[in-house]
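# Report on the structure
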Amino acid sequence: MYSFGVLLLEMLTGKQPTDDFFVDDLSLHNFTDSMFPDRLAEIIDPHMMREESQPGEEVWMQSYIIPLVALGLSCSMKSPKDRPGMQDVCAKLCYQRRFYEVSY
């Protein structure tokens, strides 16, 4: 689960855990967590975002981006006992996919 969480955070932020930006105790997980959820728009990869002028930008963040970042954060927790199981992760991803298909 840890690797999946890191991969998800990488895709959403466009940053790699090995970026020079992450020094001392700062990691991709800690950085993302410190911005979650109020400042996510500042760190999400611009390719993942819709244009701010488009209607529904806030709905897009609340419905799709925030749940995916939350999943990435929960999967990349330091302690394995704090991470969700594969069945829970799969259920959340399937829910998001169905929600997206119904919305669009």
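Preceding this section is the structure that the text describes.
The numbers attached to residues start from 1 for each chain and follow its sequence in the written order. Predicted model: local features are reported for residues with pLDDT of at least 70 only, side-chain atom pairs are reported and counted for 80 or more only, and whole-chain, interface and lining totals are derived from all residues. To obtain the side-chain values, all non-hydrogen atoms of the structure were used and water was disregarded.

It is worth spelling out helix H4 (residues 57-75) at this point. End to end, H4 covers 26 Å across 19 residues, agreeing with the expected 27 Å (1.5 Å per residue, within 8%). Largest kink in H4: about 35°, centred on Ile65, with the proline Pro67 one to four residues after it. Exposure categories follow from relative accessible area, calculated using a 1.4 Å probe and restricted to protein chains: below 20% of the type maximum is buried, above 50% is exposed, and the middle band is partly exposed. Numbering of helices and strands starts at the N terminus; helices are DSSP runs of H or I of at least 4 residues and strands are runs of E of at least 2. Of the residues making up H4, those classed as buried are Glu57, Trp60, Met61, Ser63, Tyr64, Ile65, Ile66, Val69, Leu71, Gly72, Leu73 and Cys75. Any two residues having at least one pair of non-hydrogen atoms within 4.5 Å are treated as being in contact. Buried residues belonging to H4 abut helix H1 (2-13), helix H2 (28-35), helix H3 (40-43) and helix H5 (86-103). To estimate the expected span of a helix, subtract one from its residue number and multiply by 1.5 Å. The seven residues ending at a residue and the seven starting there each receive a fitted axis; the angle between those axes is the bend at that residue.

Before going further, it helps to examine the environment of Leu12. On the secondary structure map, Leu12 appears in helix H1. Leu12 sits 61 residues away from Leu73 along the chain, and the two C-alpha atoms are 11 Å apart. Not counting chain neighbours up to four residues away, the residues in contact with Leu12 comprise Ile43, Ile44, Asp45, Met48, Leu68 and Val69.

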